[in-house]
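A structural walkthrough
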Amino acid sequence: MMDSKPIYEEQEPIIVCRDVKKWYGDFQALKGINMEVRKGEVIVIFGPSGSGKSTFIRTINRLEEHQAGQIIVDGIELTHDVKNIEAIRMETGMVFQQFNLFPHLTVMQNITLAPLQVRKVDKEEAEETAMELLERVGIPEQAHKFPGQLSGGQQQRVAIARALAMKPKIMLFDEPTSALDPEMIKEVLDVMIELAKSGMTMLVVTHEMGFARSVADTLYFFDEGQIVETGSPEDIYNNPQEDRTKLFLSQILQH
Amino acid sequence: MTISISDLAPPTERYTVLGWLKRNLFDSFGDSLLTVFAIWLTYAMLKPSLAWGFGEARWNVVADNLKLFMVGRYPAEQVWRVWVVLYLLAAVIGFTWSVWVKGKEKAGFVLIGIPLFLALLPFGMTTRLMILALDLFGFLGILLGRGDNPSFKRWSIISMLLYFPVGIVIIGGLTGDGGFLPTVKPDLWGGLMLTILLAVIGIIFSFPLGVSLALGRQSSLPIVSWICVGFIELVRGVPLITILFMMDLMLPLFLPSGIRVEGVIRAFVAITLFSAAYMAENVRGGLQSISIGQYEASHALGLSGFTTMAFIILPQALKAVIPILVSQFIGLLKDTTLVMILSLFDVLGIGKAVLGNPEYIGTSKEVYIFVAALFWVLSYGMSYASQRLETTLGVGER
């Protein structure tokens, strides 16, 4: 699949962000973000904490509201219109740092809830899809356990399966491995790599530079609410242009 | 063969009865002295109580007025309707138990034991048979619920939902002055029946109202949230007795003349409103214990605000506050005694009325102990039921 990678370049943009700005009180968290994401493109966003990277991907499915600029997802503009917000949320899956599984529901119920309630598929079909997804993330035997009975890595894989059950066109990952013990990071990254190679459009906020190097198409370096530098993994690693990028990379790649 | 450390059984301490006594009660001279003194003190305190309870006490005041204590001024020739309602309850409980508690039927024997125990008490022979018939109907319900019919679960919920309106209709009457079920005015309802009715109806109505108020308080629509906050703070800010007085004295001023609301209905409304305000704050506590991540995950999946509340937030929030809610329900049960000021005769009111009878002068200890015992049994029953519920739902497990 690696050789067929640049396919996305011929695709239409599926996410368009123009001059997106956001404030928390007087503090400006996003200072005008411009980004175009094409279908099938895998984007990795990295940067120091407080740089606005999480805030930014959370504006894409309206968990955070942007106050200026334009966000268009799959041809739908994000406005205050609840219909638009719901439509966009149906097209985007999200995976959180803290997993955010529903602790009172079994793994199976976690995965089938949204397809049953939002897409109105019938129960049998939803459970069939859920089992396929659990096999894809490698934990079909956990289907009838509760999230509290699983390890962190397993929980995060359930969270990925839950997001995929809605058959989204875009997947957003907000630091998916930051809350995991080191030995569990790989099992989650493996699932994400498989997903990237299958052609899913992905926006990933992460510091896993190995992951970025092997599957990302484009890297964005965020600092102080702005995109400081962008480019292919090779460009950014081997030939960073900005001092801030160089400094940050030297800090996280040192060890 | 070597035994590795991991193969060893955990250390245990084993005592014989004598060993335990020696270690805990008679370890030294001082300990022994204290133990003997404590035994003597217990005996000295219990002896007069037991002598009174089994000797001097005139328990006939309870036996003679049992009908009053149970149903108040409810017409004697209509009391069979109360029995019918109780039998229905036994059947519904039996059915529900056998449908939902597959595999753990044995625990249900506790329920069967209640009528057996009551039948041992010195009631008349007819009453004892009537009480034992409760078990019969309970068994009937259990038999009905056997087998693995998937529609049984639905039927058990329907039967529970239908039980209360049907019970109220049977007790209140349907056919006017004559006929099969002649009307019995709510003001004639009394005794333990009234206490339980007030509590159960208060719980059933205040629960949805309280949850709605809690959600309304968090609403982003300012009018809705102001109204809810206003109601909660107003009602919580005054004692229940004031609300009952208001219902009694002021409600007639607001209603058009000619419309009279029965005292029982006024009491129902007052208790429900009062309980709902507290319920709202308890539920709000539960809502605040849910992390923002749960809302975000639900919204990110495209679930609407309503679905998020119904499937994600409320189940977790309510589960978290079960112990508090049960506490509140127990409080509500005991607060129903205040309806005395609306000239209603709940079980405590009946007690006072019985004591007013010259024949029973000097029996107030017996009467109040009996009433207290009834309240304790009901309260402990609720507390026990909630503990079972918590175990089943796994509260505290994460």
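Residues numbered from 1 in each chain as written. Chains lettered and ligands numbered in written order. Predicted model: local features only at pLDDT ≥ 70, side-chain atom pairs only at ≥ 80, totals over all residues. Heavy atoms only, no water.

Details of the packing of aromatic side chains
Short version of the rule: Side-chain rings of Phe, Tyr and Trp (the six-membered ring for Trp) are treated as a pair once their centres are within 6.5 Å; stacked means planes under 30 degrees apart, edge-to-face means over 60, and tilted covers the remaining angles. In DSSP terms, a helix is any run of H or I states spanning at least four residues, a strand is any run of E spanning at least two, and both are numbered starting from the N terminus. Relative accessibility under 20% of the residue-type maximum defines a buried residue, over 50% an exposed one, and the middle range a partly exposed one, all with a 1.4 Å probe and only protein chains included. Charge-over-ring contacts are defined here by two conditions on Lys NZ or Arg CZ: a distance within 6 Å of the ring centre and an angle within 35 degrees of the ring normal.
Under the criterion given, the structure shown has 14 aromatic pairs over all chains. A ring pair is formed by B:Phe95 and B:Phe152, whose centres lie 5.7 Å apart and whose planes are at 70°; its orientation type is edge-to-face. Here B:Phe95, found in helix α5 (residues 79–100), pairs with B:Phe152, found in helix α8 (residues 151–172); they are 57 residues apart in sequence, far enough to count as distant. Ring geometry for B:Trp376 against B:Tyr380: centres 5.1 Å apart, planes inclined by 5°, an arrangement best described as stacked. A residue pair is termed a helical-turn pair when its members lie 3 or 4 positions apart in one helix, as B:Trp376 and B:Tyr380 do in helix α18 (residues 364–393) at 4 residues. Since its relative accessible area comes to 55%, B:Trp376 is described here as exposed. Residue B:Tyr380 is classed as partly exposed on the basis of its relative accessible area, which comes to 42%. Taken together, the aromatic side chains of A:Phe46, A:Phe221 and A:Phe248 make up a single cluster linked through ring pairs. When the ring centre of A:Tyr237 is taken as reference, the NZ or CZ atom of A:Arg213 above it lies at 4.2 Å.

Re the confidence of the model for chain A
Threshold: A score from 0 to 100, pLDDT tells how confident the predictor is in each residue.
Confidence along chain A averages 92 in pLDDT terms, with 95% of residues attaining 70 or more. For chain A, per-element mean pLDDT is lowest for helix α9 (residues 243–253) of chain A, which scores 89, and highest for strand β7 (residues 170–174) of chain A, which scores 97.

Regarding a negative patch on the surface
Residues and elements named next belong to chain A. What counts, and what does not: Within this analysis, patches are made of residues with over 30% relative accessible area and no salt bridge. Like charges are joined at 9 Å or less; nonpolar side chains (Val, Leu, Ile, Met, Phe, Trp, Tyr) at 5 Å or less. Each accessible area value is a Shrake-Rupley result obtained with a 1.4 Å probe; residue values ignore everything except the protein chains displayed when judging cover. The term salt bridge refers to a side-chain nitrogen of Lys or Arg lying within 4 Å of a carboxyl oxygen of Asp or Glu. His is not counted here, nor are the chain ends, while Lys and Arg score as positive and Asp and Glu score as negative. Note on charges: their place is set at NZ of Lys, CZ of Arg, CG of Asp or CD of Glu.
A cluster of acidic side chains, namely Asp122, Glu124, Glu125, Glu127, Glu128, Glu132 and Glu135, defines a negative patch on the protein surface. Residue placement: Glu135 occurs in helix α4 (residues 123–136). Looking at Glu135, the relative accessible area reads 54%, which means it is exposed.

Some details on the confidence of the model for chain B
Residues and elements named next belong to chain B. The predicted model of chain B averages 86 in pLDDT, with 93% of residues at 70 or higher. Within chain B, the element-level pLDDT minimum falls on helix α6 (residues 109–120), averaging 76, and the maximum on helix α14 (residues 292–300), averaging 96. Interface scoring of the predicted complex returns ipTM 0.92; its pTM is 0.82.

Here's the deal with helix α5 (residues 152–164) of chain A
Convention followed: An expected span of 1.5 Å times one less than the residue number is assigned to each helix.
The terminal C-alpha atoms of α5(A) lie 18 Å apart, and with 13 residues this matches the ideal 18 Å at 1.5 Å per residue to within 8%. Judged by how many residues are buried, α5(A) sits mostly within the fold: 13 of 13 residues are covered.

Quick word on α9(A)
Residue and element names in this part refer to chain A. This is how the line gets drawn: Arc definition: it is the arc formed by the directions from the helix axis to the C-beta atoms. Working rule for contacts: check all heavy atoms of both residues, and any pair within 4.5 Å makes them a contact.
Turning to α9, its buried residues number three or more, namely Thr245, Phe248 and Leu249. Projection of α9 onto a plane perpendicular to its axis shows the buried side chains occupying an angular sector of 100°, all on one side. When the buried face of α9 is taken as reference, the exposed residues oriented beyond 90 degrees from it are Asp243 and Leu247. Where α9 is buried, its residues meet β3 (42–46), α7 (209–215), β9 (218–223), β10 (226–231) and α8 (233–238).

Things to note about the sheet that holds strand β5 (residues 76–77) of chain A
Neighbouring strands of a sheet are bound in pairs by backbone hydrogen bonds; such pairs are parallel or else antiparallel. Residue and element names in this part refer to chain A. Operational definition: Strands were regarded as paired on the criterion that DSSP finds at least two bridges between them. Working convention: axes come from line fits to C-alpha atoms, limited for helices to the stretch in contact. Angles between N-to-C directions cover 0 to 180 degrees.
Strand order in the open sheet formed by 4 strands is β2-β1-β4-β5, and the pairing between neighbours is antiparallel. One side of each edge strand has no neighbouring strand; the edge strands of this open sheet are β2 (27–38) and β5. When strand β4 (residues 68–73) meets β5, the two strands line up antiparallel, connected through 2 bridges. Across the sheet, residue Val73 finds its bridge partner in β5, namely Ile76. Running at roughly 60° to β2, helix α1 (residues 53–60) makes contact with β1 (13–24), β2 and β4 of the sheet.

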